[in-house]
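# Coordinate inspection notes
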Amino acid sequence: NFSGIEFKPAVGVDYAKFNPDSNGADSKRTIPIYSLDIKANLIKISNDDGIRRSLQPRVLAVYIPYVDQSDFPVIDTLIPDFNYFQLFSENRFIGGDRIGDTSKISYGVVAKRTRIQSGKDFFEFTLGQTLHLKDEKIAIPGQFSRKSGSLTNLASMDIAITESLNLKLDHY
């Protein structure tokens, strides 16, 4: 951590075992997960108007190799809506049935304006993009797979209209 900049390399392993019934053979998978997450938190505080301005750029590189998972049924796996958390997620699926083969670089920036006295954000703007570096082979039925070189875009704006009412606009 260098004064507001954070480097987080990670290596993980996803291991799963599925036993269809007491007579069938177990299905197993072991998948390595490699990632590097770089974040910065740049803050400017103005005492004149009581507002904290922050700019938070972030880059995430992820590599998960292809491992055949056809022996595993699709029970609880979902593809979530694309948002900031999904932009910077290692696995593109939710649930334990699938780990998506992934080779991607995600990058984005969040700009916030916060009232110092209340700590409430009154404006937030997010802009991000994912560059897919390889064709995806793992999919769930009825869903498409992204191709190498394709982009996934995100733009989001959250404005506090009153203390208890926010307007949120998303495009992905």
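Heads up: the structure comes first, above all this text.
My aim in this report is to walk through the structure given alongside it, one point at a time. (Residues numbered from 1 in each chain as written. Predicted model: local features only at pLDDT ≥ 70, side-chain atom pairs only at ≥ 80, totals over all residues. Heavy atoms only, no water.)

### Focus on the packing of aromatic side chains
Between two aromatic rings, the relevant description is the distance of the centres plus the angle of the planes. To keep it simple, the criterion reads: Two rings from Phe, Tyr or Trp (for Trp, the six-membered ring) form a pair when their centres sit within 6.5 Å of each other. Planes less than 30 degrees apart are called stacked, planes more than 60 degrees apart edge-to-face, and all others tilted. A run of H or I in DSSP counts as a helix once it spans at least four residues, and a run of E counts as a strand once it spans at least two, with each numbered from the N terminus.
Inspection of the entire model under this criterion finds four aromatic pairs. Ring centres of Phe-18 and Phe-72 lie 6.3 Å apart, and the angle between their planes is 45°; on these two criteria the pair is classed as tilted. Of this pair, Phe-18 sits in strand E1 (residues 5-18) while Phe-72 sits in the loop between strand E4 (51-64) and helix H1 (84-87); the two residues are 54 residues apart in sequence, bridging distant segments of the chain. On the numbers, 6.2 Å between centres and 20° between planes, the contact of Tyr-34 with Tyr-63 is stacked. Remark: Tyr-63 occurs in strand E4 and Tyr-34 occurs in strand E2 (residues 27-40); sequence separation between them is 29 residues.

### Focus: the pairing of strand E5 (residues 102-115)
Heads up, the condition is: Pairing between two strands is assigned when DSSP locates at least 2 bridges connecting them.
Where E4 lies against E5, 14 bridges are found, and the strand directions are antiparallel. Looking across to E5, one finds that Leu-60 is bridged to Ser-106. Judged from the 11 bridges that link them, E5 and strand E6 (residues 121-132) form a sheet pairing that is antiparallel. Bridged to Ser-106 within E6 is Thr-130. Here E5 folds back onto E6 in antiparallel fashion, the turn holding five residues, of which Gly-119 has a positive phi close to 75°.

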